[in-house]
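Structural characterization, general
In case you want the letters, here they are:
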Amino acid sequence: MNIKSAEFIISNTDVRKCPEGTRPEYAFIGRSNVGKSSLINMLTGRKGLAMTSSKPGKTLLINHFLINDEWFLVDLPGYGFAQRGKEQREQLRTLIENYTFYREQLTCLFVLVDCRHEPQKIDLEFMEWLGENGIPFAIIFTKIDKISRGRLNEHVKIYKERLLETWEELPPIFYSSSETKEGREEILGYIDEINHSLEE
Ligand SMILES: Nc1nc2c(ncn2[C@@H]2O[C@H](COP(=O)(O)OP(=O)(O)OP(=O)(O)O)[C@@H](O)[C@H]2O)c(=O)[nH]1
Ligand SMILES: [Mg+2]
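First, a word on scope: everything that follows refers to the structure included in this document. Please read all numbers here as calculations on a predicted model, not as lab measurements.

Definitions and limits used
- Residues numbered from 1 in each chain as written.
- Chains lettered and ligands numbered in written order.
- Predicted model: local features only at pLDDT ≥ 70, side-chain atom pairs only at ≥ 80, totals over all residues.
- Heavy atoms only, no water.
- Salt bridge = Lys/Arg side-chain N within 4 Å of Asp/Glu carboxyl O.
- Helix = DSSP H or I, 4+ residues; strand = E, 2+ residues; numbered from the N terminus.
- Buried < 20%, exposed > 50% of the residue type's maximum accessible area, 1.4 Å probe, protein only.
- Polar contact = N/O pair within 3.5 Å; in protein donor to acceptor, adjacent residues only side chain to side chain.
- Contact = heavy atoms within 4.5 Å.

Bringing the pattern of salt bridges into the picture now. Enumeration over the complete set of coordinates arrives at 9 salt bridges. In this structure, glutamate 97 and arginine 93 form a salt bridge, with 3.4 Å as the shortest nitrogen-oxygen distance. One end of the pair is glutamate 97 and the other is arginine 93, both in helix H2 (residues 86-102) and 4 residues apart, which spans about a single turn. For the salt bridge of arginine 149 with glutamate 182, the shortest nitrogen-to-oxygen distance reads 3.1 Å. On the criterion of sequence distance, the pair formed by arginine 149 in helix H4 (residues 149-164) and glutamate 182 in the loop between strand E7 (173-175) and helix H5 (184-199) is long-range, its members being 33 residues apart. Residue class for glutamate 182 comes out partly exposed when judged on its relative accessible area of 28%.

This is the structure we're talking about:
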């Protein structure tokens, strides 16, 4: 898919204030620092579109970016950042859950996990919550430039086995590097396919 335009529209903390209309949207979620904002920049080819930081906890709002005047990419705050106070962590959790649960335009949620780590309880529990609530999602293993292909395959195999302990089938799975742009065609192709199927 060709990205002709990518435009920041609005940031907010309230799902009711998100853009109106019926454009499909695709949101990125996952632990703080997993690379959600960087991936949005990589996919759109616009470096400073979403704000990134080497310190976790950079994105604290729901951010809507309009792509090709047709659909939205949504950058969300990360979950589970331990250094934040309990109160703010709870606030962010409510924000994420409200957005995910009530946003009717949400077409697919991409759950990002760092490919270097073993399956984390917080991610697995979040995916279970998505399943219980019938929210469609896909997994993206991020930062694949940071490990060898051998280790990546090993980690992914372990992850899939872990998922199959609770899921009957696996969600769509993608791999990305915001450094090398790997995964860009696959992820945009998947979004394009869904957008077309919605038009029919
Ligand atoms: N090597 C490498 N580094 C990455 C990649 N993606 C993100 N990073 C780095 O990881 C750090 C966090 O990236 P962000 O995109 O800000 O992460 P985030 O998930 O949006 O974080 P929060 O907004 O805090 O939840 C930054 O230093 C990025 O440069 C990647 O694919 N490869
Ligand atoms: Mg971010």
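Note that arginine 103 resides in the loop between H2 and strand E5 (106-114). Overall, arginine 103 belongs to the buried group, its relative accessible area being 8%. Within the local environment of arginine 103, its side chain forms a polar contact with the backbone oxygen of proline 19, the two atoms lying 2.8 Å apart. Setting aside residues no more than four positions away along its own chain, arginine 103 makes contact with Val15, Cys18, Pro19, Glu25, His64 and Asn98.

The quantities given are spatial measurements derived from coordinates; they are silent on function.
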